[in-house]
Amino acid sequence: MSVYFVPWNTSNNLLKETERLYDAAGTFDCINEGDLVAVKLHVGELGNPYHVQPIFVHEVVRKIREAGGKPFLTDSNTYYFAQRNNAVDHMNTAQRNGFGTAPFIIADGLKSENYRTVKTKGILSEIEVSGAIAEADAMIVISHCKGHELSGFGGAIKNLGMGCTSRAGKLRQHRTVGLEIDASKCIGCGKCKATCPMGIPEIIEGKAQNTSPLCMRCPMCIEACPTNAIDFVDKPNLSKALASAALGVLSTFKRGKVSYVSFAKDISRYCDCLSNPGEIMMNDIGIFASDSSVSVDAAFLTMADYQVFNEESHVDCMLQVQEAKTLGIEGTLKPAITTV
Ligand code: SF4
Ligand code: SF4
């Protein structure tokens, strides 16, 4: 459960540095000859400039092949309406963003109906794991460390919990968060309804109401409201849901078949799901590798000034990591970090 690290030092050849990192961490020891290996990444929303650069993903693909595995790049469709909402748009976005060295398989299928529902623990009792991930023999999880409006930050646990689940699984997690409309602030302007991709809020007697089971808890109506009448409630529940979902995803793999590489570079205010992820919040840190999602996320938080994310989101970044540990995901909250 150790974490290995190379600093983001562009005086060195970082591609060669990652090779040293992976060798020290044993990143590809989880691969047996002939394994179908999911390379879980986030290709970035169209226009997002901060997702992990393809050149580093290509190197992971090369190393998997060297270890005898059959790599495929993968991600699950989004639950919201953008350029990664179905397999065709998602694959086109991946291609435009430069990911083309291995087959790109959308893990949950054309319209997100390919998933396996598994039992889990914690705030969720079950979760819908994307089919191609549930079927894979091994997985390398490539994460970009950055801020997140609902969970403080996103790293390996979020990449597992949200990134490896179908639209139904994502909705299940997001709906652990509540959404309230303060009638005393609502002026009945209807901007929330006009902005919502599904036109959900109803304006009844001059006040907005939202009782729909289809509400995705995306922030679009919140951002559109001119009087700040709409807000999330119980936001920390999403961090707990991420940990629950991550545990469910890991239950589809044999022990020791998942490894993690996290890039603490271009650490933006918001996540790669946005075309406009906001400004860079701190200096580049480096690249981490570990066989534990808990340890690799804890290592990033140890080296990052994550209070800025806590203040931004009003959620403690450590919560998802602590919850994952509490639920039994292997790893440590205070990992030894070996610089290679
Ligand atoms: S959070 Fe608001 S914008 Fe998003 S689906 Fe729900 S009602 Fe619509
Ligand atoms: S946008 Fe805000 S003020 Fe306007 S109707 Fe919706 S909740 Fe009310």
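Residues numbered from 1 in each chain as written. Chains lettered and ligands numbered in written order. Predicted model: local features only at pLDDT ≥ 70, side-chain atom pairs only at ≥ 80, totals over all residues.

A. Fine view of the site of ligand 2. If you check the shell around ligand 2, you find 16 residues, and the closest are C186, C189, C192, A208 and C225. Looking at side-chain class alone, the shell around ligand 2 contains 12 nonpolar, three polar and one charged residues. (Near = placed C-beta within 6 Å. Nonpolar A, V, L, I, M, F, W, Y, C, P; charged D, E, K, R; others polar.)

B. Region of interest: the site of ligand 1. In the neighbourhood of ligand 1, the contacting residues comprise L179, C196, M198, I200, P201, N210, C215, M216, R217, C218, M220 and C221. Class assignment of the residues belonging to the shell around ligand 1 gives a composition of 10 nonpolar, one polar and one charged.

C. A look at the pairing of strand β3 (residues 70–75). Both strand β2 (residues 36–40) and β3 contribute to a ladder of five bridges, which runs parallel. Residue pairing for β3: V39 is matched across the bridge by L73. After leaving β2, the chain enters helix α2 (residues 54–66) and then returns to the sheet as β3, a path that is right-handed. Of the pairings in the sheet, the one linking β3 to strand β4 (residues 104–106) comprises three bridges and is parallel in character. From the neighbouring strand, L73 faces β4, where its bridge partner is F104. (Pairing = 2+ DSSP bridges. Helix = DSSP H or I, 4+ residues; strand = E, 2+ residues; numbered from the N terminus. Right-handed = clockwise from strand over helix to strand, strands pointing away.)

D. Layout of the sheet that holds β4. Taken together, eight strands build an open sheet; the order of strands is β4-β3-β2-β7-β14-β15-β1-β16 and the sheet is mixed. Looking at which strands have only one partner, the edges of the open sheet turn out to be β4 and β16 (337–339). Here the average twist between neighbouring strands, direction ignored, is 25°. (Axes fitted to C-alpha atoms, helices over the stretch in contact; angles between N-to-C directions.)

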